[in-house]
Amino acid sequence: GNSVTQMEGPVTLSEEAFLTINCTYTATGYPSLFWYVQYPGEGLQLLLKATKADDKGSNKGFEATYRKETTSFHLEKGSVQVSDSAVYFCALRGGNTGGFKTIFGAGTRLFVKA
Amino acid sequence: GAGVSQSPSNKVTEKGKDVELRCDPISGHTALYWYRQRLGQGLEFLIYFQGNSAPDKSGLPSDRFSAERTGESVSTLTIQRTQQEDSAVYLCASSSSFETQYFGPGTRLLVL
């Protein structure tokens, strides 16, 4: 079945550092890919998404590119801020067998120090 | 309302008791999802409702778990004879499209 694997955390960075959180997936066909973020004390919210190969999702300075050839959707940001401290979840939906289910990765906690 | 709401926000119960968790989706959203998030882990799909279609129950972990939804409104998730391993945050999400889900704040369940 479909699955999502993302790098384990926590990730600790200094402010203005470059961020990469790796995400790879297993699925047949062309699923949609998502990054969700969960800020402390808040609910999950969609950060960005990409629905087809080579699409780039972007929001709030974060970017992720749908790479079919490497089955990856790595999250990047050029300069992190303290306010980016949160848990980030990579997710997949659809493909040949996924239907309406969304499969989430285990989450990666990011700490950004001032 | 403006977003997905869930109640109660916290629930402490004794092993063996039944609990009911409620989700109010965003008005007009036809799709509703329940997930479970154990401490330090990712989201585990439980059940999906889409309009008047039969729900996708494939993620329910045992027959102690059930969920209902009336039309395109409120949903309740019921856990019978709770066990300590049921302790988790239960998240509800709704969607009007195939893609973006909007999550509620969750119900934190603790089974003693």
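Refer to the preceding data block for the structure.
From a predicted model like this one, the values you see are computed outputs, not experimental measurements.

Draft legend 1. Just the sheet that holds strand S8 (residues 62-65) of chain A, in detail. All names here are of chain A. Spatially, four strands are ordered S3-S9-S8-S7 in an open sheet, and the strand pairing comes out antiparallel. Looking at the sheet topology across the chains shown, the edges are occupied by strand S3 (19-21) and strand S7 (56-59). On average, each strand axis in the sheet is tilted by 15 degrees relative to the strand beside it, whichever way the strands run. Bridging between S7 and S8 involves four bridges; their strand directions are antiparallel. When the sheet's bridge partners are listed, Asn59 is paired in S8 with Phe62.

Draft legend 2. Region of the structure containing the side chain of Ser72 of chain A. Residues and elements named next belong to chain A. Looking at where Ser72 falls in the secondary structure, it is placed in the loop between S8 and strand S9 (75-77). Within the structure, Ser72 has its side chain in polar contact with the side chain of Thr70 (distance 2.8 Å). Beyond its immediate sequence surroundings of up to four residues, Ser72 is in contact with Cys23, Thr24, Tyr25, Leu33, Thr65, Tyr66 and Arg67.

Draft legend 3. Representation of the interface of chain A and chain B. Tallying the contact residues gives 18 residues for chain A and 19 residues for chain B. Counting across the interface, chain A meets chain B through zero salt bridges. Where chain A packs against chain B, one counts five residue pairs in polar contact (both at pLDDT 80 or more). Elements with a contribution of two residues or more to the side of chain A that touches chain B: strand S5 (31-38), strand S6 (45-50), strand S10 (86-94) and strand S11 (102-104) of chain A. Top contributing element to the side of chain A that touches chain B by residue count: S5 of chain A, with four residues. Classifying every residue of the side of chain A that touches chain B by side-chain character gives eight nonpolar, seven polar and three charged.

Draft legend 4. Fine view of the side chain of Gln6 of chain B. Residue and element names in this part refer to chain B. As for its placement among the helices and strands, Gln6 is situated in strand S1 (residues 5-7). A residue is classified by how much of its surface remains accessible, and Gln6, at 10% relative accessible area, is buried. Looking at Gln6, its side chain comes within polar contact range of the main-chain nitrogen of Gly106, at 2.9 Å. If we skip the residues at most four places from it in the chain, Gln6 touches Arg22, Cys23, Trp34, Tyr90, Leu91, Cys92, Gly104, Pro105, Gly106 and Thr107.

Draft legend 5. Here's a closer look at unusual backbone geometry. The omega torsion across Gly9 of chain A and Pro10 of chain A is 0 degrees, close enough to zero to call that bond cis. Here Pro10 of chain A is to be found in the loop between strand S1 (3-6) and strand S2 (11-14). In the segment running from Ser7 of chain B into Pro8 of chain B, the intervening peptide bond is cis, with an omega of -10 degrees. You will see that Asp54 of chain A, though not glycine, has its phi angle at about 75 degrees, which is positive. Here Asp54 of chain A shows up in the loop between S6 and S7.

What counts, and where the lines are drawn
- Residues numbered from 1 in each chain as written.
- Chains lettered and ligands numbered in written order.
- Predicted model: local features only at pLDDT ≥ 70, side-chain atom pairs only at ≥ 80, totals over all residues.
- Heavy atoms only, no water.
- Pairing = 2+ DSSP bridges.
- Helix = DSSP H or I, 4+ residues; strand = E, 2+ residues; numbered from the N terminus.
- Axes fitted to C-alpha atoms, helices over the stretch in contact; angles between N-to-C directions.
- Polar contact = N/O pair within 3.5 Å; in protein donor to acceptor, adjacent residues only side chain to side chain.
- Contact = heavy atoms within 4.5 Å.
- Salt bridge = Lys/Arg side-chain N within 4 Å of Asp/Glu carboxyl O.
- Nonpolar A, V, L, I, M, F, W, Y, C, P; charged D, E, K, R; others polar.
- Buried < 20%, exposed > 50% of the residue type's maximum accessible area, 1.4 Å probe, protein only.

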